[in-house]
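Read off the chains here:
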Amino acid sequence: MNLLVSPRRLNLLFSLWLVFWGGSLEAAEKAQQGVQLNIGTILASNESDGFDSKLSKMKNQLEVIKYRSYHLVKEENQKVPWNGNAVFEIPGGRTLMVMPQEYRNNRVSLKVRLQEGEKPLLDTTVRIRNRGNFLLGGPAHEGGVLILSISATTQ
Amino acid sequence: MKTDCKTVKNSLGAWLDGELSASETERIRMHVEGCPSCSGEKEQWERLQVSLRGVLEGEASGVAFEPFWDGVSRRIFAERPWYARLWDWAGLAFVPQRLAWAIPLVIVALLAMFSLDQFFAGWHWGSNRGNGSAVDSIDGHGFNVAVFRESKTKTTVIWLFENQEDEDESSGEPASAESSF
């Protein structure tokens, strides 16, 4: 009993508790809450100049892909549980399916499938930073190409 | 009674040195006055004390204490160099017992540092450093696929060359596509 109440023991126990509490609390909370997925569908083309003001936060990212104009066609949010499947309709009869798989080291692992009708175009698994995004581009659309900004947020 | 005598005899030294409380002193004094055995024991203690005091005082008078106290006084009041004072301070501040508070403090600081990105989107020091995404697997189902990572904005781009499959196969050259990147 004396061992438990000595200040040094209490300090050690408090430290251990902090370590385990800090490490487990975050992961447990995120596991319960699911993932907020945000899909921005952007039409990029070289037919004209222009930059949609709604994309201003992504300007630096989009400059990597050197098109003359960028226009936000569609933006959709869905909250999805872990290992649940979120389906997003993409212009041109395409479908984007996103399944959040796990959260580790502040990264959200997403399994992503893009398909056109029933035909799969791309399957990928990407780990992105929580609240971060990645770009999936290439599908042709109305004289340009579609760029999908796929972001995931878990609180 | 016998037990009481034993207790009193055990306390005689402390009583004669004035180390007992008032009530204890009074209890011992009353017992000693009425108990020949304890009274005799007390007289032996007193004789012993007188003898010891005589011997010590006789010897002490021959010892020169002045130089000793002068030396102690000089060392106490002497101006010490800064590094000695620093060393003393460090010795006091960093003893293990005093450092105990530092362990939870360091843990709290680390947790705070690694959690700040939950509250401040621009914080890039904790678990947010290494901002880029990682592509674990990719399958283009026969289409050409490029993965591009731009270090400045830490942007990961997966590019699907949707209409280039036939052209690439015939020319044997990498897809140029419409994309400009």
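Residues numbered from 1 in each chain as written. Chains lettered and ligands numbered in written order. Predicted model: local features only at pLDDT ≥ 70, side-chain atom pairs only at ≥ 80, totals over all residues.

Q: Just give me the short version of the overall build of chain A, but keep the residues and values in it.
A: Along the backbone of chain A there are 3 helices and 9 strands. Ordering the α and β elements of chain A from the N terminus gives α-α-β-β-α-β-β-β-β-β-β-β. The burial tally for chain A puts 33% of its 155 residues in the buried class. Considering only residue pairs separated by 6 or more positions, chain A has 48% of its internal contacts joining residues 24 or more positions apart. (Helix = DSSP H or I, 4+ residues; strand = E, 2+ residues; numbered from the N terminus. Buried ≥ 20, exposed ≤ 12 C-beta atoms within 10 Å, placed from the backbone. Contact = placed C-beta atoms within 7 Å.)

Q: Any chance you could break down the pairing of strand β2 (residues 144-150) of chain B for me, citing the residues and the numbers?
A: Residues and elements named next belong to chain B. Relative to strand β3 (residues 155-161), β2 is paired through 7 bridges, and the arrangement is antiparallel. In the strand pairing of β3, Asn144 is matched with Phe161. Between β2 and β3, which pair antiparallel one after the other, the connecting turn spans 4 residues, and Lys154 there sits at a positive phi close to 55°. (Pairing = 2+ DSSP bridges.)

Q: Tell me about the sheet that holds strand β5 (residues 94-104) of chain A, residues and numbers included.
A: Taking strand neighbours across the sheet as the criterion, the 5 strands line up as β4(A)-β5(A)-β6(A)-β7(A)-β1(B) in an open arrangement whose pairing is antiparallel. The two strands at the open ends of the sheet, each matched to only one other strand, are β4 (86-90) of chain A together with β1 (134-139) of chain B. Taken over all neighbouring pairs, the strand axes of this sheet differ in orientation by 20° on average, direction set aside. Looking at chain direction, β5(A) and strand β6 (residues 107-116) of chain A are connected through 10 bridges and run antiparallel. Across the sheet, A:Thr95 pairs through a bridge with A:Gln115, a residue of β6(A). (Axes fitted to C-alpha atoms, helices over the stretch in contact; angles between N-to-C directions.)

Q: Give me the interface of chain A and chain B: which residues, what numbers.
A: Opposite the 36 residues of chain A that make contact, chain B presents 36 residues. Looking at the side of chain A that touches chain B, the element that brings in the most residues is strand β7 (residues 119-129) of chain A, giving 10 residues. Considering only residue class, the side of chain A that touches chain B consists of 18 nonpolar, 12 polar and 6 charged. In this structure, β7(A) lies alongside β1(B), joined through 5 bridges in antiparallel fashion. Considered in β1(B), the bridge of A:Arg127 is made with B:Ala134. (Nonpolar A, V, L, I, M, F, W, Y, C, P; charged D, E, K, R; others polar.)

Q: Report on helix α5 (residues 82-93) of chain B, specifying residues and quantitative values.
A: With 12 residues, α5(B) should cover 16 Å at 1.5 Å per step; its first-to-last C-alpha distance of 16 Å lies within 8% of that length. Sparse coverage of α5(B) is indicated by the burial of 0 of its 12 residues. (Expected span 1.5 Å × (residues − 1).)

Q: Tell me what's going on with the confidence of the model for chain A, and back it up with residues and numbers.
A: The predicted model of chain A has a mean per-residue pLDDT of 84, with 85% of residues at 70 or higher. No element of chain A has a lower mean pLDDT than helix α1 (residues 2-5) of chain A, which averages 51, and none a higher one than strand β1 (residues 35-45) of chain A, which averages 93. (pLDDT = per-residue confidence, 0-100.)

Q: Kindly report on the sheet that holds strand β9 (residues 144-153) of chain A, identifying the contributing residues and their values.
A: Strand order in this open sheet of 7 strands is β2(A)-β3(A)-β1(A)-β9(A)-β8(A)-β3(B)-β2(B), and the pairing throughout is mixed. In this open sheet, the two edge strands, each paired with only one partner strand, are β2 (50-51) of chain A together with β2 of chain B. Direction of pairing for strand β8 (residues 133-141) of chain A relative to β9(A): antiparallel, over a ladder of 7 bridges. Pairing of A:Phe134 across the sheet is with A:Ile150, part of β9(A).

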